[in-house]
Amino acid sequence: MNLGGSEPHGLEADQVVSAIERACESDLRTALRLVARYSAYWWSNGLQDEAAAAAERVLSMLGRTVPVGLDEEYLLAVINGAASAEQEQIELAQQIVLTTTGPFRYSATVLLWALVFGPFESTAVIEEVLERNESGDAWTRAAVELCRGYPGLTKAAPDDAAQALRTALGRFRMLEDRWGLFLALSALRHVVGEPLDITTEALELAEQLCLPEETGLLLCERAELYRRAGKLEDAHADYSRALSIGEHAELQETVAAARLGLARTARRSGNLPAARSHLSAVLTLHGLEDAHFEAHHELAALNASEATA
């Protein structure tokens, strides 16, 4: 199963949510199945907002009723609509996870559950769910290794976590699944000593998958690696690309991170006016207290540089 390259079958992407809307009026079971069926497609193409909208519509109709035989479909709906799901619906979803025997029927369920609810579950529950799904299909087995190595999900030692992520990476490569590769690389970059090559490959995949927020983040991370290595031109190029993406997609945090990076790069290059201009722009952004704190700290360093120039 190649989730990263998956496309909707029988429906165009922009018709999926409307099809679910129609199904909600006549056949909630079909609507629920559609949400489950398209979950992997939405997530692997950065369409979580569409997933949430569809899931919220179905859950609002179902309430706290789990249709007979559609336990996992209900679980996937709650995962997709977690931000607005009722507490009782979340508790029902958690009960479904605990009472399910054997692997999940949908390949993506274990990974989506781990990403959304895993941080709030005990490591014992996570390990038990992962063990159950080791007998799933090839994609699920790759996802299990990804979850085992994912930061903060299990009690795996750093070396074991890194090995699990490398195993997941190899399996997703064999499956030619770009989304799985991206997730494995994104996690692996946090546990290796030299993350430049991994960050670059993750960045290329983020661009292929049309994930602007992740692309901007990875550009800033790679730029920082370049800056620390003294490759200021490369750092400036990546920060500038991140700034362009952030402005185009209206991602304020990306804009702030890129401008802070450009300011630090400019200061190190000796271009103090450019550094000050970027920092001033950061301070005009609303609601970003952490970025403002960093900008003031950098301004202090800039003032010190000018005083000693």
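Refer to the structure presented above.
Structural notes, computed from the coordinates. These numbers were taken from a predicted model, which means no experiment stands behind them. (Residues numbered from 1 in each chain as written. Predicted model: local features only at pLDDT ≥ 70, side-chain atom pairs only at ≥ 80, totals over all residues. Heavy atoms only, no water.)

### Topic: the packing of aromatic side chains
Then, number 1: Evaluated as defined, the whole model comprises 3 aromatic pairs.
Then, number 2: Look at Trp139 and Phe172: their rings are 5.5 Å apart centre to centre, the planes differ by 65°, and that puts the pair in the edge-to-face class. With Trp139 in helix α8 (residues 138-149) and Phe172 in helix α9 (residues 158-175), this residue pair connects regions lying 33 residues apart in the sequence. Both residues of the pair, Trp139 and Phe172, belong to the buried class.
Then, number 3: Taking 6.0 Å as the distance between ring centres and 20° as the angle between the ring planes, the aromatic pair formed by Trp139 and Trp179 counts as stacked. Of this pair, Trp139 sits in helix α8 while Trp179 sits in helix α10 (residues 178-188), placing them 40 residues apart in sequence. (Phe/Tyr/Trp six-rings, centres within 6.5 Å; stacked < 30°, edge-to-face > 60°. Helix = DSSP H or I, 4+ residues; strand = E, 2+ residues; numbered from the N terminus. Buried < 20%, exposed > 50% of the residue type's maximum accessible area, 1.4 Å probe, protein only.)

### Digging into the environment of Glu214
Then, number 1: Considering the arrangement of structural elements, one finds Glu214 in helix α12 (residues 212-228).
Then, number 2: For Glu214, a relative accessible area of 29% corresponds to the partly exposed category.
Then, number 3: Spatially, the C-alpha atoms of Glu214 and Gly46 are 9.6 Å apart, while their sequence positions differ by 168 residues.
Then, number 4: Look past the residues within four positions of Glu214 in its chain and what remains in contact with it is Phe182 and Ala206. (Contact = heavy atoms within 4.5 Å.)

### Notes on the pattern of salt bridges
Then, number 1: For the structure shown, the criterion picks out 18 salt bridges.
Then, number 2: One salt bridge in this structure joins Glu221 and Arg189, with 2.6 Å as the shortest N-O distance. Residue Glu221 is found in helix α12, and its partner Arg189 is found in the loop between α10 and α11 (196-208); the two are separated by 32 residues along the sequence.
Then, number 3: The class of Glu221 is partly exposed, set by a relative accessible area of 26%.
Then, number 4: Given the relative accessible area of 10%, Arg189 is considered buried.
Then, number 5: For Arg264, the salt bridge identified is with Glu294, shortest N-O distance 2.8 Å. Taken together, the residues span a long stretch of sequence, with Arg264 in helix α14 (residues 252-269) and Glu294 in helix α16 (residues 289-308) at a distance of 30 residues.
Then, number 6: Given a relative accessible area of 33%, Glu294 falls into the partly exposed group.
Then, number 7: In this structure, a network of salt bridges that share partners links the residues Glu127, Glu134, Glu145 and Arg148. (Salt bridge = Lys/Arg side-chain N within 4 Å of Asp/Glu carboxyl O.)

### Re the packing of helix α3 (residues 48-62) against helix α4 (residues 71-80)
Then, number 1: Relative orientation of the contacting elements α3 and α4 amounts to 125°, with a least axis distance of 8 Å. In this view, α3 runs oblique relative to α4, as classed from their interaxial angle. Taken as a pair, α3 and α4 cross one another with a handedness that is left-handed. Residues Ala51, Ala52, Ala55, Leu59 and Leu62 of α3 touch α4, and the partners they reach there are Tyr74, Ala77, Val78 and Asn80.
Then, number 2: Grouping the constituent residues of the contact of α3 with α4 by class yields 8 nonpolar, 1 polar and no charged. (Axes fitted to C-alpha atoms, helices over the stretch in contact; angles between N-to-C directions. Parallel < 35°, antiparallel > 145°, perpendicular 65-115°, else oblique. Left-handed = near helix turned anticlockwise from the far one by under 90°. Nonpolar A, V, L, I, M, F, W, Y, C, P; charged D, E, K, R; others polar.)

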